[in-house]
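The residues making up each chain are set out below.
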Amino acid sequence: MKSITKKSIWGFMIGSVILTGVNFVRPYQIQAQNEALVWGDSDVPQILPRSTWDNTPTLNALMTWVPDKNASPSDWQPVERIIIHDTGCDLANATCNNNQNPVATIQGIYRYHAVTRGWGDIGYNYIIDQQGRVYEGRYGGNGSRAAHVFVDRTRDNFNFGTIGIVVMGNYANAPPSEVVYQSLARLIGWLAQVNNLDPQGTRSSSIWNLLTSEFSSLYNGPIVVGHKDVEKGNPDPKTFDFVRIRSEAAALAQKYKNYVYQADGWPKVYKLAIGTRQIYENIQAYVAAGGTYDKLISISQSQLDLFSESRFLKYPDNSLLQIFGNPTVYLIQDGKKRNLSVSAKQFMALGFDFARVRSVSAEELAGYGEGNPVKYGTDKQLLSDGQRVYLIQGGKKRWVSSEELFVVLGYSWAKVKNVGAELGNYLEGAILTYPDGTLARAIGGVAVYLVEGGKRKQFISAEIFINLKYNWAKVKNIPAAELAYYPSGGYVKYGEGTLLRPKNENNVYLISGGQPVAVDAATFKKKKYKWANVLVIAAQDFHVLYRSGSLLQSSPAPSATPSPSATPTPGVSSSPTPAVSPISATVPKIRVAIYEVIAGSVALTASTAYNILDKNGQIVAIGAANENYVYNISSPASAFVKIVPQTADGIAQIVSHEEHPAWNPSLNYNQFHGAVEIVYSAKSNKVWAVNELDLEDYLKGIAEISQTDPIQHQKTMIVAARTYADYYILKGGKRGTDEVYILNSTSNDQLYKGYARETVAPAVVAAVNATRGEMAFYNGSPIITAYSSGAPELYTSGTKSACSVWGSQFCQAGFEYLAGGVKDPANAPYTQSVCGGGNHCVGLSAAGSRQFAITGAKNYQEVLKHYYTGVEIKKVY
C-alpha cells in the first residue's frame with residue numbers, strides 16, 4: 001500500500017482541526033482511514049456490499065421491491081446525474097449513531113424507507129458514514145431506479161437516471177469533515193467515470209412526469225447537484241462545497257479513466273464504461289482485443305457486480321442523442337438510432353427541441369442498432385411504397401387510409417410517386433381524415449358519427465341528427481377498421497343558444513358555453529324566448545349529453561303551473577314553465593346482477609303486497625306480503641320473472657338465496673329495494689338474479705365501507721360509488737348494452753349487499769342522504785372513479801396510472817384524472833402490503849381517504865379532488 005508522507009498530509013491540513021460528530025480527527029487518523037477506504041494505491045473507493053448491513057433474514061424480508069427492466073419506463077436507465085443528500089439527523093443525538101454503529105443507522109433508514117414509507121427498499125443508491133466508509137444501498141446496481149427525489153409540486157420523478165448518495169449527518173450549520181469530503185469526491189469521480197459523466201459539466205435531462213406519464217419535464221443544471229438544487233425549498237445538504245466536490249471528483253475521474261479491474265486476484269479482467277462492464281479471460285486477452293490500460297486494480301467481486309455486461313442501459317424511445325462534440329443528432333425509435341439528416345430549421349419544424357438532446361459517448365451510441373435515417377419530406381408530395389399512399393405534410397408522411405378518402409380529398413393518382421423503401425426515411429404523422437363535417441358510419445354498423453378536428457363524434461340518437469338538420473343520404477359507409485383510426489371526440493351536442501326541454505320535465509335550458517343553463521320564468525320572458533323555439537328532446541339523451549348545469553339568473557322558483565304570460569305552444573293546451581331546478585329531477589335507475597341462478601326454481605316474496613310480471617311487463621300473479629312465489633326455470637334460455645312490490649317502501653326478497661356474512665350469521669343478504677328479476681342473458685349465457693332500483697337506494701347497500709368508518713370517509717366513498725355507477729348507467733352497462741345488468745354486486749365492480757346491509761350500517765345510509773346527487777365530473781362528464789384499498793407505496797411514489805395498469809382507453813385523452821402520482825397522507829391505515837391484482841392502486845386510495853378523515857386534514861370533496869386530478873364535484877339531482 002502506497003505510503004503518504006507527512007508533507008502530503010499537512011499540505012491540506014495546516015492550521016486545521018476537523019470536527020466530525022463530537023470527535024476530533026487528527027491528520028494521522030485521516031491518513032489511516034483513507035488507506036482503508038480505497039483499493040490498494042489506486043484511490044478507487046471501496047464500496048462495502050449491501051450484505052454489510054442487510055445481514056439477517058428478517059431484514060432481507062423487508063425488501064419488497066426489485067427493479068423490472070420490462071416496466072414502463074424501465075427501472076434501469078442510463079445515469080445522467082448524481083444527487084447528494086444528508087440524513088439530517090443530529091450528530092449529538094444517539095439516534096444518529098454514526099460514529100458508534102453506522103450499520104445500525106443504515107438498518108434504521110432501511111426499515112423506515114422500506115416499511116414505513118412503503119418504498120420496498122432503502123431509497124439511496126449509496127451511503128457514506130462519518131468515517132468515510134461507502135456502502136452499497138438500493139438493490140439493482142448501476143442505473144437502477146432509486147427513491148430519493150420526487151418533486152410533489154410538479155409531479156417530477158428524478159429517480160430515473162440519477163444516482164442518490166446520502167451522507168450521514170446534519171449539515172445545516174457545519175460542513176462535512178475532511179474524510180467525508182474525500183470519500184465523496186472519490187465515489188462521485190469513480191461513478192462519473194464508469195458512467196461517462198463529467199463531474200464539472202452541465203446537461204439537460206428529460207424527467208419522468210407522473211401527470212403526463214412521459215419524460216416530459218426538462219431539468220437543466222450541473223451533473224453533480226444537491227437535493228436542494230432539484231427541489232426548491234429543500235435545504236439538503238446546506239453547507240456542502242459543491243465547487244470543491246465537482247473539481248476534486250473531476251480530477252479523480254480523469255485518473256480512473258484508463259483503469260481495468262480484477263476481482264480479488266482472479267485472472268478475469270473487467271473494463272467498466274458507459275454504465276456496463278466487459279469481461280475478458282485475462283489481461284493478455286484484453287490486450288489482444290486492442291485494450292490499453294494504465295493500472296490493473298484488484299477490487300471486490302461485489303463492487304464489480306454493481307455492473308452488468310448483459311444489461312445495456314438504453315434511453316427510451318423518442319430520446320435525442322448525440323456524441324460529445326459531434327453535431328449529428330440521432331432519434332431513438334424501437335431501440336434503434338436514426339440519424340436526423342435535417343437542418344436546424346427542419347429539426348424544429350418536426351417538433352423537436354435542441355434542449356432535449358443528450359450527449360453520450362461514441363461507445364454508448366454504438367450500443368444501438370442502425371435504423372433508417374430521418375429525412376424531411378417535401379410538402380404536398382404524394383408518395384407510395386407500393387402498399388400505402390402518403391401525403392407529405394410538415395416534413396412527415398400522413399397515411400391516406402382508403403381509396404375513397406383519396407378521391408374525397410381531391411388527389412390525383414397520376415401524381416403518386418412510388419419511392420419504395422425510401423418512405424421509411426420519413427417520420428409518421430397523424431393519419432389523414434375526412435374533412436370536418438363528414439358524416440360516417442361503419443359498414444354494417446348502426447352508430448353515425450360526425451368528423452370534427454380529426455375525431456369522430458357520435459350522434460346519440462336519430463332525434464339529434466334530425467334536429468340538427470343533417471341528411472341521412474350524406475352518411476358515408478366506411479370500413480370499421482378505418483373508422484377505428486379516428487379517436488373518439490365524444491357526442492355531437494346542440495349548438496350555442498339552443499333552447500332544450502327534456503320530455504316529461506318542466507325545465508327549460510339554454511346551451512351556453514357548451515353546457516345547459518337552467519332558464520327561470522323571469523329570464524325566459526325578459527329574453528323574449530319563444531316556446532316555438534324550444535326543442536323537446538328525449539330525457540335520456542339530454543341526461544347523457546349534459547350532466548352538469550347552473551342557473552342563468554337567480555330568482556324565486558315560479559309555480560309549477562303554466563305561467564299566464566307564457567306564449568302557448570301550437571297544439572298544446574298549456575306549456576310547462578321554466579323552473580329553477582337542478583338538471584335532473586329524477587334519480588337514475590340501476591340494474592345490479594346479484595348472483596348467477598343455478599337451481600331449477602327460485603322462491604320470491606316481498607314485505608308488502610307485490611306483482612309478478614312477465615317479460616312483456618304484464619302482471620301474471622299478485623302476492624300478499626311475505627307470501628312466497630315459486631318460479632320454476634324449465635328452460636334457461638327463456639327464463640324471466642319479475643317481482644315488484646306494490647308500494648315504494650316494499651322490500652323484495654329472494655327467499656331461496658342464502659348469503660350470510662361470517663361476522664353475523666343471522667344476517668341474510670337476500671333483501672332488496674326496488675324490483676328483482678330472474679332473467680336469462682344471451683351475452684353471458686347465464687341466468688341472473690338482477691336487482692333494479694333507484695341509484696340512491698343502491699348506494700345504501702354498498703359494502704365498500706363500514707358503519708364505524710369516519711363520516712368524511714363514508715361520504716368520500718359514497719360520492720365515488722355514485723359517480724362510478726352513473727358512469728356505467730349512461731354507458732348502458734359496464735359489459736355492454738346487450739348485457740342484462742349495469743354492474744354486478746362483487747368487488748370487481750362495487751360490493752353491494754342490498755337492503756339487509758343498510759339495516760346494520762345506518763351511518764352509511766346517512767352519508768348517502770347527506771351527499772344526495774353529488775358526483776365527480778371531468779370536462780363536464782362523470783368519471784370512472786376507480787378506487788382500491790391502497791398500499792404503503794402510495795405514500796412515497798403515489799397512485800398508479802390507469803394507462804400503465806389497464807392500458808387501452810385509459811391511455812387516451814379524457815382520463816387525465818387517473819394519471820396517478822397522487823400520494824397518500826402519512827400513517828394511512830393500510831390493510832394491503834402491496835399493489836396488484838384487485839388492489840390496483842389506481843385513483844382513490846381507501847386507506848388514504850380514511851387517514852384524511854381521521855386527521856381532519858381534508859373533507860370528502862377535497863379528498864375526491866385530491867385523488868382525481870382536475871375534477872369538479874357537482875350536485876346532479
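Quick notes on the rules
- Residues numbered from 1 in each chain as written.
- Predicted model: local features only at pLDDT ≥ 70, side-chain atom pairs only at ≥ 80, totals over all residues.
- Heavy atoms only, no water.
- UniProt positions renumbered as here; feature names shortened; annotations may be inferred.
- Helix = DSSP H or I, 4+ residues; strand = E, 2+ residues; numbered from the N terminus.
- Expected span 1.5 Å × (residues − 1).
- Buried < 20%, exposed > 50% of the residue type's maximum accessible area, 1.4 Å probe, protein only.
- Disulfide = S-S within 2.5 Å.
- Pairing = 2+ DSSP bridges.
- Axes fitted to C-alpha atoms, helices over the stretch in contact; angles between N-to-C directions.
- Core = buried A, V, L, I, M, F, W, Y, C linked by side-chain atoms within 4.5 Å.
- Contact = heavy atoms within 4.5 Å.
- Polar contact = N/O pair within 3.5 Å; in protein donor to acceptor, adjacent residues only side chain to side chain.
- Phe/Tyr/Trp six-rings, centres within 6.5 Å; stacked < 30°, edge-to-face > 60°.
- Lys NZ or Arg CZ within 6 Å of the ring centre and 35° of its normal.

Taking an unreviewed UniProt entry as the reference, the protein is identified by name as Peptidoglycan recognition protein family domain-containing protein. The UniProt entry for the protein carries this comment under Sequence similarities (unreviewed entry): "Belongs to the N-acetylmuramoyl-L-alanine amidase 2 family."

Some points on helix α18 (residues 711–731)
A rise of 1.5 Å per residue sets the reference length of α18, with its 21 residues, at 30 Å; its end C-alpha atoms lie 30 Å apart and thus fit the reference within 8%. In terms of burial, α18 is largely enclosed, as 18 of its 21 residues are buried. Phi turns positive one or two residues past the end of α18, at Gly 732, with a value near 90°.

Here we look at the state of the cysteines
Using the criterion set out here, one finds 2 disulfides in the structure. The residue that forms a disulfide with Cys 803 is Cys 811, at a sulfur-sulfur distance of 2.1 Å. Between Cys 803 and Cys 811 the disulfide shows an S-S torsion of about 95°. By sign, it is right-handed. Judged by its relative accessible area of 43%, Cys 811 falls in the partly exposed class. Paired by a disulfide, Cys 835 and Cys 841 hold their sulfur atoms 2.1 Å apart. Measuring the twist about the S-S bond at about -90°, one finds the Cys 835-Cys 841 disulfide to be left-handed. When its relative accessible area of 19% is taken as the criterion, Cys 835 is described as buried. Residue classification places Cys 841 among the buried residues on the basis of a relative accessible area of 1%.

Re the sheet that holds strand β50 (residues 781–782)
Within a sheet, adjacent strands bond to each other through the backbone by hydrogen bonds, running parallel or antiparallel. Pairing in this open sheet of 3 strands is antiparallel, and the strands run β50-β49-β53 from one edge to the other. Whereas interior strands pair on both sides, the edge strands pair on one side only; in this sheet they are β50 and β53 (872–875). Inspection of the sheet shows strand β49 (residues 774–778) paired to β50 by 2 bridges, in the antiparallel sense. In the sheet register, Tyr 778 faces β50, and the bridge partner there is Ser 781.

A closer look at the sheet that holds strand β26 (residues 396–400)
The 4 strands are arranged β26-β25-β24-β27 in an open sheet whose pairing can be described as mixed. The two strands at the open ends of the sheet, each matched to only one other strand, are β26 and β27 (416–418). Averaged over all pairs of adjacent strands, the angle between strand axes in this sheet comes to 40°, irrespective of strand direction. Here 3 bridges tie strand β24 (residues 382–384) to β27, and the two strands are oriented parallel to one another. Across the sheet, residue Leu 383 finds its bridge partner in β27, namely Lys 417.

Examining the nonpolar core
Of all hydrophobic cores here, the largest spans 73 residues; its most connected members are Ile 590, Leu 695, Tyr 698, Tyr 817 and Tyr 868. With 10 residues, α18 is the largest single contributor of residues to this core. Each residue touching Tyr 698, except ones within four places of it in the same chain, is listed here: Ile 590, Val 592, Leu 693, Ala 725, Leu 743, Gln 750 and Tyr 752. Counting 44 residues, the second largest nonpolar core, distinct from the first, contains Leu 37, Leu 184, Ala 185 and Leu 191.

Comments concerning the side chain of Gln 714
Considering the arrangement of structural elements, one finds Gln 714 in helix α18. Residue Gln 714 is classed as buried on the basis of its relative accessible area, which comes to 1%. Looking at Gln 714, its side chain comes within polar contact range of the main-chain oxygen of Gln 707, at 3.3 Å. Setting aside residues up to four positions removed in sequence, Gln 714 forms contacts with Ile 705, Ser 706, Gln 707, Thr 708, Asp 709, Ala 763, Val 764 and Ala 767.

Considering unusual backbone geometry
Within the chain, Asn 196 stands out as a residue other than glycine whose phi angle is a positive 55°. One non-glycine residue, Asn 827, adopts positive backbone phi at about 65°. Given a relative accessible area of 67%, Asn 827 falls into the exposed group.

Thoughts on the packing of aromatic side chains
Following the criterion strictly, the structure yields 35 aromatic pairs and no others. For the pair Phe 406 and Trp 413, a centre-to-centre distance of 3.7 Å together with 15° between the ring planes defines the contact as stacked. For Phe 406, a relative accessible area of 1% gives the class buried. Look at Trp 413 and you get partly exposed, because its relative accessible area is 46%. With a centroid separation of 5.0 Å and an interplanar angle of 85°, the aromatic rings of Tyr 727 and Tyr 728 are classed as edge-to-face. Note on accessibility: Tyr 727 and Tyr 728 belong to one class, buried. Clustering of aromatic rings is evident, with ring pairs tying together Tyr 778, Trp 806, Phe 810, Phe 815 and Tyr 817. One Lys or Arg, Arg 388, reaches over the ring of Trp 399 and ends 3.7 Å from the middle of that ring. Lys 874 extends its terminal NZ or CZ atom over the ring of Phe 777, reaching a point 5.9 Å from the ring centre.

Section: helix α7 (residues 242–256)
Counted at 1.5 Å a residue, the expected span for α7 with its 15 residues is 21 Å, and the 20 Å between its end C-alpha atoms agrees. Residues of α7 that are buried include every one of Phe 242, Ile 245, Arg 246, Ala 249, Ala 250, Leu 252, Ala 253 and Tyr 256, and no others.

Observations regarding the pairing of strand β28 (residues 439–442)
Pairing analysis gives 4 bridges linking β28 to strand β31 (residues 475–478), with the strands arranged parallel. By the bridge assignment, Ala 440 is partnered in β31 with Lys 476. Where β28 and strand β29 (residues 449–452) come together, 2 bridges link them in antiparallel fashion. When the sheet's bridge partners are listed, Leu 439 is paired in β29 with Leu 450. The hairpin formed by β28 and β29 contains 6 residues between the paired strands, and Gly 444 there has a positive phi angle of roughly 85°.

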